[in-house]
Amino acid sequence: PEGAPMWGCRLCDWDVCEGRCHPEGTTLADLRSELKILAERVQALVDENPSDLRTKLALVETDVHKLEKKLDNATASDLAKWAVEPMSEDEARARKKALITDTEDLLSRIEGVFQGLRDATAT
């Protein structure tokens, strides 16, 4: 639509409008995908056990907190409005609560790894 904000990519020289081609809202699927990626990063770091594990884990923890902020800022009505599949506000609210619980679980897991590192250096 004329006058709509545009998103562009300098690498591929491609533009899309915010109104129709690039929706401005965040979907539950986007948030769930982001959480899954963060959980996979934590697992990969634990499996790899690099010498700078503490630093890399702290960076992932920061990203989890950013995701929590996105979740806090997303209203149930917006999540329902931007959902890929139609859903009610109540369903969007329930899924949002589940995502918040999952982020808390991931933060607890990260804290557990930090505690393990502290315990290992204390002995």
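No experiment lies behind these values; they were computed from the predicted model shown.

S.K.: Just give me the short version of the environment of Thr-62, but keep the residues and values in it.
M.R.: With respect to the element layout, Thr-62 can be found in helix α2 (residues 53-73). Judged by its relative accessible area of 38%, Thr-62 is partly exposed. With 45 residues separating them along the chain, Thr-62 and Leu-107 place their C-alpha atoms 9.8 Å apart.

S.K.: Any details on the side chain of Thr-27? Residues and values, ideally.
M.R.: Along the chain, the position of Thr-27 falls in the loop between β2 (14-17) and α1 (28-48). Exposure remark for Thr-27: the relative accessible area of 10% places this residue in the buried category. At 3.0 Å, the side chain of Thr-27 forms a polar contact with the backbone nitrogen of Asp-30.

S.K.: Requested: an account of α2, with residues and values cited.
M.R.: An ideal rise of 1.5 Å per residue puts 30 Å on 21 residues; α2 measures up with 30 Å between its terminal C-alpha atoms. Tucked inside the fold, the buried residues of α2 contact α1 and α4 (89-122).

S.K.: Could you give me a rundown of α1, with the residues and numbers involved?
M.R.: For α1, built from 21 residues, the straight-helix expectation of 30 Å at 1.5 Å per residue is met to within 8% by its first-to-last C-alpha distance of 30 Å. The set of residues buried in α1 consists of Leu-28, Leu-31, Leu-35, Leu-38, Val-42 and Leu-45. For α1, the angular spread of buried residues about the axis comes to 120°, placing them on one side. More than 90 degrees from the buried face of α1, the exposed residues found are Lys-36, Asp-47 and Glu-48. The inward-facing, buried residues of α1 contact α2, α3 (76-81) and α4. Note on α1: the residue one or two positions beyond its end, Asn-49, has a positive phi of about 50°.

S.K.: Any details on the pattern of salt bridges? Residues and values, ideally.
M.R.: Using the criterion set out here, one finds 10 salt bridges in the structure. Taking the shortest distance from any N to any O, the salt bridge between Glu-85 and Arg-95 comes out at 3.4 Å. A residue pair is termed long-range when its members are at least 10 positions apart, and Glu-85 in the loop between α3 and α4 and Arg-95 in helix α4 qualify at 10 residues. According to the relative accessible area criterion, Glu-85 is partly exposed, its value standing at 45%. Accessibility expressed as a relative area gives 33% for Arg-95, which makes it partly exposed.

S.K.: Quick one: what's the story with the packing of α1 against α4, residue by residue and with numbers?
M.R.: Direction vectors running N to C along α1 and α4 enclose 15°, while the axes themselves pass 11 Å from each other. It follows that α1 is roughly parallel to α4 by the angle criterion. Both α1 and α4 take part in a crossing whose hand is left-handed. Counting all contacts with α1, which are made through Leu-28, Leu-31, Arg-32, Leu-35, Leu-38, Ala-39, Val-42, Gln-43 and Val-46, the residues of α4 involved are Ala-92, Arg-95, Lys-96, Ala-98, Leu-99, Asp-102, Thr-103, Leu-106, Arg-109, Ile-110 and Val-113. Here the residues of the contact of α1 with α4 sort into 13 nonpolar, two polar and five charged.

S.K.: Explain unusual backbone geometry residue by residue, including any values.
M.R.: Located in the positive-phi region is Asn-49, a residue other than glycine, with phi close to 50°. Tracing the backbone shows Asn-49 in the loop between α1 and α2.

How each quantity is defined
- Residues numbered from 1 in each chain as written.
- Predicted model: local features only at pLDDT ≥ 70, side-chain atom pairs only at ≥ 80, totals over all residues.
- Heavy atoms only, no water.
- Helix = DSSP H or I, 4+ residues; strand = E, 2+ residues; numbered from the N terminus.
- Buried < 20%, exposed > 50% of the residue type's maximum accessible area, 1.4 Å probe, protein only.
- Polar contact = N/O pair within 3.5 Å; in protein donor to acceptor, adjacent residues only side chain to side chain.
- Expected span 1.5 Å × (residues − 1).
- Contact = heavy atoms within 4.5 Å.
- Arc of directions from axis to C-beta.
- Salt bridge = Lys/Arg side-chain N within 4 Å of Asp/Glu carboxyl O.
- Axes fitted to C-alpha atoms, helices over the stretch in contact; angles between N-to-C directions.
- Parallel < 35°, antiparallel > 145°, perpendicular 65-115°, else oblique.
- Left-handed = near helix turned anticlockwise from the far one by under 90°.
- Nonpolar A, V, L, I, M, F, W, Y, C, P; charged D, E, K, R; others polar.

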